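An overview of the molecular structure
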Amino acid sequence: MVQLSKQIAENRYRESFGRYYEDFMVGDVYEHRPGRTLTQTENIWFTLLTMNKHPMHFDEEYAKHSEFGQCIVASPFTLAVLVGMSVSDVSQKAIANLGWTDIKMTHPVFAGDTLYAETEVLSKRESSSRPTAGLVTVRTAGSNQRGEVVCTFERTILVAKQGHSVEDKAGY
């Protein structure tokens, strides 16, 4: 988690998170902490919010008869948590997510699992249409408490250059 502190007045400081375009270096890997333990209640809430009606996510009796023998966490919930874990390191100063590719769910996630994530910077280039921003492509991998990779994905983000983030413009 990238956390900076800016002095905004005498004896007064404000925390700031995230990286500017200039801070990304191809090949760098960011470990996102703390981990996040998922509960069945959260899994059910997510399925209700998103109208995902597959019984493998909320019907314990149904799930007992599956190859897993229990409910599994909805894969979009897993993805959302891993993305959320990466925000303060990767996209806190983003203008927009431009694309998602190669999303893979590589191992089932169960209630009670704790997820950890890390992100590798794959590429970066200055924006040809926005001189105050650049494009950064990253790959994030999420693992459970046993070190089993449960999800991987790539995303491309439009990231503000120093002095041009919303935070900078708003005087934060």
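Residues numbered from 1 in each chain as written. Predicted model: local features only at pLDDT ≥ 70, side-chain atom pairs only at ≥ 80, totals over all residues. Heavy atoms only, no water.

This next bit is on the packing of aromatic side chains. A complete count under the given rule lists four aromatic pairs for this structure. Ring geometry for Phe68 against Phe110: centres 6.1 Å apart, planes inclined by 65°, an arrangement best described as edge-to-face. Of the two residues, Phe68 sits in the loop between helix 2 (60-64) and helix 3 (75-91) while Phe110 sits in the loop between strand 4 (94-105) and strand 5 (114-126), which places them 42 residues apart along the sequence. Between the NZ or CZ atom of Arg19 and the centre of the ring of Tyr30, over which it lies, the distance is 3.6 Å. Seen from the ring of Tyr21, Lys124 lies directly overhead, with NZ or CZ sitting 4.4 Å from the centre. (Phe/Tyr/Trp six-rings, centres within 6.5 Å; stacked < 30°, edge-to-face > 60°. Helix = DSSP H or I, 4+ residues; strand = E, 2+ residues; numbered from the N terminus. Lys NZ or Arg CZ within 6 Å of the ring centre and 35° of its normal.)

Applying the stated criterion to the full structure yields nine salt bridges. With a closest N to O distance of 3.7 Å, Arg139 and Glu120 form a salt bridge. With Arg139 in strand 6 (residues 133-143) and Glu120 in strand 5, this pair connects stretches of sequence that are 19 residues apart. Connected through shared salt-bridge partners, Asp113, Arg146 and Glu148 make up one network. (Salt bridge = Lys/Arg side-chain N within 4 Å of Asp/Glu carboxyl O.)

Take the nonpolar core next. Generally speaking, nonpolar side chains in soluble globular proteins are found buried as a group. The biggest cluster of nonpolar side chains holds 16 residues, and the ones touching the most others in it are Leu38, Phe77, Leu82 and Leu115. Sorting the residues of this core by element identifies helix 3, strand 5 and strand 7 (149-160) as the ones contributing at least two each. When residues of this core are assigned to their parent elements, the largest contribution, six residues, is made by helix 3. Within the second largest apolar cluster, nine residues are counted, among which are Tyr21, Tyr30, Val90 and Val121. (Core = buried A, V, L, I, M, F, W, Y, C linked by side-chain atoms within 4.5 Å. Buried < 20%, exposed > 50% of the residue type's maximum accessible area, 1.4 Å probe, protein only.)

Roughly 240 Å³ of volume is contained in the largest pocket. Taken together, 17 residues form the lining of the largest pocket, with Gln92, Lys93, Ser165, Val166 and Glu167 sitting closest to its centre. Only strand 2 (12-17), strand 4 and helix 4 (166-169) provide two or more residues apiece to the lining of the largest pocket. Ranked by residue count, the leading element in the lining of the largest pocket is strand 2, at four residues. (1 Å grid on protein atoms, 1.4 Å probe; cavity = no way out; pocket = protein on both sides within 12 Å on 5 of 7 lines; lining within 4 Å. Points joined across faces, edges and corners; volume = space filled by probe spheres on them.)

Everything listed here is a matter of geometry and, on its own, says nothing about what the molecule does.
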